[in-house]
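Observations on the model geometry
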Amino acid sequence: FVPAALMLTVGILILVYGSVARDYVFGGLIVALVVTTLAGSAATLAVLTREARVAKLQTDFVNKVSHDLRTPLTSIRMFVETLQLGRIQDPARQSEALEIIAEETARLSSLINRLLDWARMESGRRSFQLRREPVEVIVDAALAAFAPQLLDPRVKLTRIVEPELPAVWADRQALVDAILDLLNNAYKYTAGEEKRIE
């Protein structure tokens, strides 16, 4: 920018002190060149800043998705190994473990669908399925996906949904995902021997 400022000064001086038409043309060309250079530099800087911000968002998204995928995979692996080693003899407990595996498998499918939705959103083709949804159903769906974390004996979760809440006009899965993200963050960042989530 220093050479551009010097050139701009020279161009202005030529325009101010010029005595013939050629001086004015020459001064005008210098000023136009400097203005174009500055505008191009500013545009390039803006594009680079935007690209850096997008790249950071993509990196954060991949890290978050990797964490979200790891959680259900860990639960599935843990329960499968437990069943394979015969550590659960009670049929009711075996059924419960199989049910959790099925739920975590469904959750993995949901996460993959979210990845696909994100790709569609990036290309401008993401669409939300808006309809009237009961708040209680949305909260319960998020809590069902959060079930593996509830196996942690330190977790104390309180669910309070007012019975008279009106239905909301929303995409159910998008809201479930948002609530589940909040629950996972509360679980991850709550310190102490007891993790209380309300």
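See the structure above.
Rules used throughout
Residues numbered from 1 in each chain as written. Predicted model: local features only at pLDDT ≥ 70, side-chain atom pairs only at ≥ 80, totals over all residues. Heavy atoms only, no water. Helix = DSSP H or I, 4+ residues; strand = E, 2+ residues; numbered from the N terminus. Contact = heavy atoms within 4.5 Å. Salt bridge = Lys/Arg side-chain N within 4 Å of Asp/Glu carboxyl O. Buried < 20%, exposed > 50% of the residue type's maximum accessible area, 1.4 Å probe, protein only. Core = buried A, V, L, I, M, F, W, Y, C linked by side-chain atoms within 4.5 Å. Axes fitted to C-alpha atoms, helices over the stretch in contact; angles between N-to-C directions. Parallel < 35°, antiparallel > 145°, perpendicular 65-115°, else oblique. Left-handed = near helix turned anticlockwise from the far one by under 90°. Nonpolar A, V, L, I, M, F, W, Y, C, P; charged D, E, K, R; others polar. 1 Å grid on protein atoms, 1.4 Å probe; cavity = no way out; pocket = protein on both sides within 12 Å on 5 of 7 lines; lining within 4 Å. Points joined across faces, edges and corners; volume = space filled by probe spheres on them.

**Topic: the environment of Leu 130**
Tracing the backbone shows Leu 130 in the loop between α3 (91-122) and β1 (131-133). Measuring from C-alpha to C-alpha, the distance between Leu 130 and Arg 172 comes to 7.7 Å, with 42 residues separating the pair along the chain. Not counting residues within four places of it along the chain, the set of residues in contact with Leu 130 comprises Trp 169, Ala 170 and Asp 171.

**Things to note about the pattern of salt bridges**
If you walk through the whole model with that rule in mind, you get 5 salt bridges. With its nearest N and O atoms 3.4 Å apart, the salt bridge here joins Arg 50 to Glu 51. Residue classification places Arg 50 among the partly exposed positions, given a relative accessible area of 48%. For Arg 93, the salt bridge is made with Glu 96, and the minimal N-O distance between the two is 3.2 Å. Remark: Glu 96 and Arg 93 occur in helix α3; sequence separation between them is 3 residues, near one turn of the helix. The class for Arg 93 is partly exposed, based on a relative accessible area of 47%. According to the relative accessible area criterion, Glu 96 is partly exposed, its value standing at 35%. A cluster of three or more residues bridged by salt bridges with shared partners is formed by Glu 136, Asp 140 and Arg 159.

**Section: the nonpolar core**
Counting residues in hydrophobic clusters, the biggest one holds 11 residues: Val 135, Ile 138, Val 139, Ala 142, Leu 143, Ala 145, Phe 146, Val 161, Val 176, Leu 180 and Leu 183. Among the elements of the structure, α4 (135-145) and α6 (172-189) are those that each provide at least two residues to this core. Ranked by residues supplied to this core, first place goes to α4 with 6 residues. Among all residues touching Ala 145, those that are not within four sequence positions of it are Glu 104, Arg 107 and Leu 180. Within the second largest apolar cluster, 7 residues are counted, among which are Ile 76, Ile 88, Ala 97 and Ile 100.

**As for the side chain of Asp 177**
Looking at the secondary structure, you find Asp 177 in helix α6. Not counting residues within four places of it along the chain, the set of residues in contact with Asp 177 comprises Ser 110 and Arg 114.

**Digging into the packing of α4 against α6**
In the contact formed by α4 and α6, the axes pass within 9 Å of each other and the chain directions differ by 50 degrees. Here α4 lies oblique to α6, going by the angle between them. Our pair here, α4 against α6, has a crossing hand that is right-handed. Judged by residue contacts, Val 137, Ile 138, Val 139, Ala 141, Ala 142, Leu 143 and Ala 145 of α4 engage Arg 172, Leu 175, Val 176, Ile 179, Leu 180 and Leu 183 from α6. Within the contact of α4 with α6, the residues separate by chemical class into 12 nonpolar, no polar and 1 charged.

**Observations concerning the layout of surface pockets**
Roughly 300 Å³ of volume is contained in the second largest pocket. Along its surface, the second largest pocket is lined by 13 residues, and Thr 71, Ser 75, Pro 148, Gln 149 and Tyr 187 are the ones closest to its centre. Looking at the lining of the second largest pocket, the elements with two or more residues in it are α2 (21-84), α5 (147-150) and α6. Here the element with the most residues in the lining of the second largest pocket is α2; it accounts for 6 residues. Considered class by class, the residues forming the lining of the second largest pocket number 4 nonpolar, 6 polar and 3 charged.

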